[in-house]
Amino acid sequence: MEYIERIKYLIIGNSAGGIGAIEAIREVDNNGTISIISDEPYPAYSRPLISDFLAGKQTIDKLNYRAADIYKQNDIKTIFGNRVTNLNLDNNTVLLESGHELGWDKLLLATGGTPIVPPMEGREAGGVFTFTTLADAIDIDDYLRQKPDANAVVIGGGLIGVSVTESLLKRNVKVTIIEMKERILNVILDEKTSYMEHKAIKDSGAEIITGHTVSKINSNTHGEVYGVTLDNGDVIPCGIVIIAIGVKPRLELINGTNIKVNRGIVVDKHMQTSVTGIYACGDVAEAFDFIYGENRLTPVWPNAYLGGRTAGLNMAGKATDYPGGTNINSMKYFGIYIVSAGMISAPDKSYQELIAEHNDVYKKLILKDGLVTGMIFSGEVDRAGIIYNLMKDRVNVESFKQSLISDDMGLLSLPETVWRNRLATVPPVNGVDCAVS
Amino acid sequence: MRKIYIKEEVCIGCGLCEVYCQLQHASVHDLIKAFKKRGPRPLARARIEAKGNVSFSVRCRNCDEPQCVYACLTGAITRDIETGMIAVDEEKCIGCCTCMLVCPLGAIKQDKEHKKMIKCDFCQGEETPACVTNCPNEALYCVEYNGTNIELAAKAPSPF
Ligand SMILES: Cc1cc2nc3c(=O)[nH]c(=O)nc-3n(C[C@H](O)[C@H](O)[C@H](O)COP(=O)(O)OP(=O)(O)OC[C@H]3O[C@@H](n4cnc5c(N)ncnc54)[C@H](O)[C@@H]3O)c2cc1C
Ligand code: SF4
Ligand code: SF4
């Protein structure tokens, strides 16, 4: 039988989750072999920054997430520009597109997300793009260099749609956003804050059409897009279409295996899948969400890194629980600062909403049984982390909830035991109880 | 690594730690010039909290598990292996405030003018940071902490 190289830690996916894992593994195990595989050809880059690249604000090398020598420094073998096409769970091996086979002792699936593209007519036309990878951003950039006068239709008014809209406007491309729901950013913002963004986007010159979908992308005889037709028959002429409906877990490798999948790969508190020795994290995984008390998809960068870190520590033998994550977003689109975490509005009457509003400041908390289950702050977002950590630590805030939305909210808004605990990280010095900072 | 201890019992909330932090990070090292003459006031990286009789000075505590580092979208926040300090690379930072949303102390804030995050940087390698040196009540002092042992740092004013 042909000799197959066996890697101690094999990582598929070289982004937030993969890097979180390799950094954690090397904290525990300096010698075990690590290989990291990606079908993207570059060192890890900051995915959210592809919009800055498209806007012309950043060059490609500025997108790097870590120092260029991180792989070398940590003795990590990189296999970039090569796709894993098959997992063999009987032999613990992967098959690469290049034909190579590799074995693993511990495997991490950090394969992220793949853009959702509904089966609409015309989506194969030239000038139709998605926007989730650097390659997408480069392709759009190239296309717009050839057609600088093209108007754009962005399908989807979520985070990715708004993000690409901002980049396009900075390039002086005219944009129309088509959002199926009644309002943009409806998953991460409440009505009030999504209206703020709506207004800011309109003020910047873009059009927004809500409550409609694109039923057809129209192209000419050369196969180039010249417009879209909406579900009500309206036609919007355009030279470029960006499909930005969102991402879904990239499960192509897992389908057909006995790794348990719900909406994403289901992991336990160690980020291990239903198959021993195989871990998952990031956009592809369904990990513990402390707000809902169950496993959920939370496709955001911080959770991917933290999940990857937790997986890495466990893979290297240091038992560590995932602290849990929930959907968190911090955005500054069109100059408006908004942070949100957990729920965006009370789902039913058993929840309470607390709101403070004045001038440009808007602060909202969602509570149930004394616990904060959601927050949205806009205008004044300083120190929001104090509240996010109350959510995470499940601190009962009933007796001081009102102070959490006041202007001078700080550690002293919390009960003494909590603020002392926040400040203290080390034991008393010479018998004196001290807070350390 | 070096840490700053807060002795909350003797802090009177005078705010001099904030003032000297601002001065330390100003372009001129003269109080009057820094505060009144040169454009916008420099920003403090320490913050005084006060309520009733209780007051203390808060700044980044260079967490063992730094959530800001884990959350940063761009890789702009990292731990300096040599000093153990958590630092923001202003060139890389895009001012998205994701780090701020996860910091349990609210210790990292945005410099709105430059759209970059700022935090305590231990006065960039000073033996004793300006807040510690200038606290009139010795409510702040430096310690050397190696994970288990704590020793008062040599130059810090003794609280005892
Ligand atoms: C435009 C945009 C803006 C965003 N803005 C924000 C933001 O402001 N804040 C935020 O928190 N999040 C944001 N996100 C989301 C964030 O980027 C993701 O949550 C994060 O990238 C997830 O990391 P990950 O490691 O799970 O996977 P990914 O970043 O998706 O990386 C997975 C990697 O695995 C590779 N891969 C997958 N399958 C295979 C295979 N079979 N073989 C080889 N390689 C494979 C992929 O090519 C990819 O490189 C944004 C995303 C986009 C697209
Ligand atoms: S900024 Fe906050 S989270 Fe980061 S190390 Fe400092 S105290 Fe910890
Ligand atoms: S504001 Fe800067 S340091 Fe903070 S998460 Fe964003 S890029 Fe990183």
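Residues numbered from 1 in each chain as written. Chains lettered and ligands numbered in written order. Predicted model: local features only at pLDDT ≥ 70, side-chain atom pairs only at ≥ 80, totals over all residues. Heavy atoms only, no water.

### Digging into the domain arrangement of chain B
Residue and element names in this part refer to chain B.
Move 1: Assigned domains of chain B: these are domain 1 (1-59 + 123-154) and domain 2 (62-119).
Move 2: With centres defined by C-alpha atoms, the gap from domain 1 to domain 2 works out at 19 Å.
Move 3: On the domain 2 side, the residues contacting the 10 residues of domain 1 number 14 residues.
Move 4: Across the domain 1/domain 2 interface, buried area totals approximately 930 Å², and carbon plus sulfur atoms make up 54% of it.
Move 5: Counting the surface domain 1 buries against domain 2, the share from its top three residues, M1, L43 and R45, is 51%.
Move 6: Counting across the interface, domain 1 meets domain 2 through five residue pairs in polar contact (both at pLDDT 80 or more).
Move 7: Classifying every residue of the side of domain 1 that touches domain 2 by side-chain character gives five nonpolar, no polar and five charged. (Domains from an automatic or database assignment. Contact = heavy atoms within 4.5 Å. Buried area = accessible area lost by both parts, 1.4 Å probe. Polar contact = N/O pair within 3.5 Å; in protein donor to acceptor, adjacent residues only side chain to side chain. Nonpolar A, V, L, I, M, F, W, Y, C, P; charged D, E, K, R; others polar.)

### Description of the site of ligand 1
Residue and element names in this part refer to chain A.
Move 1: Among the 33 residues in the neighbourhood of ligand 1, the closest are listed as S15, D39, E40, R47 and D283.
Move 2: Take D39: an N or O atom from its side chain is 2.3 Å from an oxygen atom of ligand 1.
Move 3: At 3.4 Å from an oxygen atom of ligand 1 is found a main-chain nitrogen or oxygen belonging to G113.
Move 4: In isolation ligand 1 exposes 1,000 Å². Once the protein is present, 95% of that is buried.
Move 5: Class assignment of the residues belonging to the shell around ligand 1 gives a composition of 15 nonpolar, 11 polar and seven charged.
Move 6: When residues of the shell around ligand 1 are assigned to domains, at least three map to each of domain 1 (6-113 + 250-315) and domain 2 (128-245). (Near = heavy atom within 4 Å. Areas by Shrake-Rupley, 256 points an atom, 1.4 Å probe, with all protein chains shown as cover.)

### A word on the packing of aromatic side chains
Move 1: Inspection of the entire model under this criterion finds eight aromatic pairs over all chains.
Move 2: Ring centres 4.8 Å apart and planes at 40 degrees place the aromatic pair W419 of chain A and F56 of chain B in the tilted group. In this pair, W419 of chain A sits in helix 9 (residues 416-423) while F56 of chain B sits in strand 3 (residues 54-58), so the two residues belong to two different chains. Each member of the pair, W419 of chain A as well as F56 of chain B, is classed as buried.
Move 3: Of note, R66 of chain A hangs over the ring of Y65 of chain A, and the distance from its end group to the ring centre comes to 4.2 Å.
Move 4: Positioned above the aromatic ring of Y292 of chain A, the side-chain terminus of R296 of chain A is 3.6 Å from the ring centre. (Phe/Tyr/Trp six-rings, centres within 6.5 Å; stacked < 30°, edge-to-face > 60°. Helix = DSSP H or I, 4+ residues; strand = E, 2+ residues; numbered from the N terminus. Buried < 20%, exposed > 50% of the residue type's maximum accessible area, 1.4 Å probe, protein only. Lys NZ or Arg CZ within 6 Å of the ring centre and 35° of its normal.)

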